[in-house]
Amino acid sequence: MLSYVGMAAALVVVVFALPSGGDQGSFWAFFLGFLAAFAFSGLGNGSTFRQIPVIFRDQHMREAEGKGQRRRPRP
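Quick caveat, the model's predicted, so the values are computed rather than measured. (Residues numbered from 1 in each chain as written. Predicted model: local features only at pLDDT ≥ 70, side-chain atom pairs only at ≥ 80, totals over all residues. Heavy atoms only, no water.)

**Q** Just checking my understanding: could you explain the overall build of the protein for this structure?
**A** Within the protein, the secondary structure is distributed over two helices and zero strands. Counting only residues that meet the buried cut, the protein has 11% of its 75 residues in that class. Summing over all exposed atoms, the protein offers an accessible surface of approximately 6,800 Å²; the carbon and sulfur share of this is 65%. (Helix = DSSP H or I, 4+ residues; strand = E, 2+ residues; numbered from the N terminus. Buried < 20%, exposed > 50% of the residue type's maximum accessible area, 1.4 Å probe, protein only. Areas by Shrake-Rupley, 256 points an atom, 1.4 Å probe, with all protein chains shown as cover.)

Structure (structure tokens):
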């Protein structure tokens, strides 16, 4: 959840850093806003990557029951 809030805040900074009207905008605010957005995106991606094995572990354990070396009949 923190990564989504961080990405949203970073993109608000990016939008306000764009030139509008007579204002030239701010390159450094734009650059740092995108840098923060990519950093928060990476945090979210890493969190998801770590959750997938936990979420699907039980499903794979149920599917693997009876398919190991112990359960295989010996010739």
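After presenting the structure, the write-up continues.
**Q** Even after reading the chapter, I still don't get helix α1 (residues 2-17), so can you show me in this structure?
**A** The end-to-end C-alpha separation of α1 is 23 Å, in line with the 22 Å expected for 16 residues at 1.5 Å each. Restricting attention to buried positions, one finds in α1 the residues Ser3, Gly6, Ala10, Val14 and Ala17. Burial along α1 is one-sided: seen end-on, the buried residues are contained in an arc of 80 degrees. Exposed and oriented more than 90 degrees from the buried face of α1 are Tyr4, Val5, Val15 and Phe16. (Expected span 1.5 Å × (residues − 1). Arc of directions from axis to C-beta.)

**Q** Help me understand the environment of Val15, please; the structure alone is not making it clear to me.
**A** Its place among the elements puts Val15 in helix α1. For Val15 and Phe30, which are 15 residues apart along the polypeptide, the C-alpha to C-alpha distance reads 7.8 Å.

**Q** Explanation requested: the environment of Leu2 in the structure shown.
**A** With respect to the element layout, Leu2 can be found in helix α1. Accessibility expressed as a relative area gives 64% for Leu2, which makes it exposed. Along the backbone, Leu2 and Gly44 are 42 residues apart, and their C-alpha atoms lie at a distance of 8.3 Å.

**Q** Please clarify how a nonpolar patch on the surface should be interpreted in this entry.
**A** Taken together, the side chains of Phe27, Trp28, Phe31, Leu32 and Leu35 present a nonpolar region at the surface, about 580 Å² in accessible area. Among the secondary structure elements, Phe31 is positioned in helix α2 (residues 27-64). Looking at Phe31, the relative accessible area reads 39%, which means it is partly exposed. (Patch = residues over 30% accessible without salt bridge, like charges linked within 9 Å, V, L, I, M, F, W, Y side chains within 5 Å. Salt bridge = Lys/Arg side-chain N within 4 Å of Asp/Glu carboxyl O.)

**Q** Mind showing me how you'd approach the packing of aromatic side chains here?
**A** Pairs of aromatic rings are described using the distance from one ring centre to the other and the angle between the two planes. Under the criterion given, the structure shown has five aromatic pairs. With a centroid separation of 5.9 Å and 90 degrees between ring planes, the pair formed by Trp28 and Phe31 is classed as edge-to-face. In this pair, Trp28 and Phe31 both sit in helix α2, three residues apart, roughly one turn of the helix. Each residue in the set Phe27, Trp28 and Phe31 is aromatic and connected to the rest through ring pairs, giving one cluster. (Phe/Tyr/Trp six-rings, centres within 6.5 Å; stacked < 30°, edge-to-face > 60°.)

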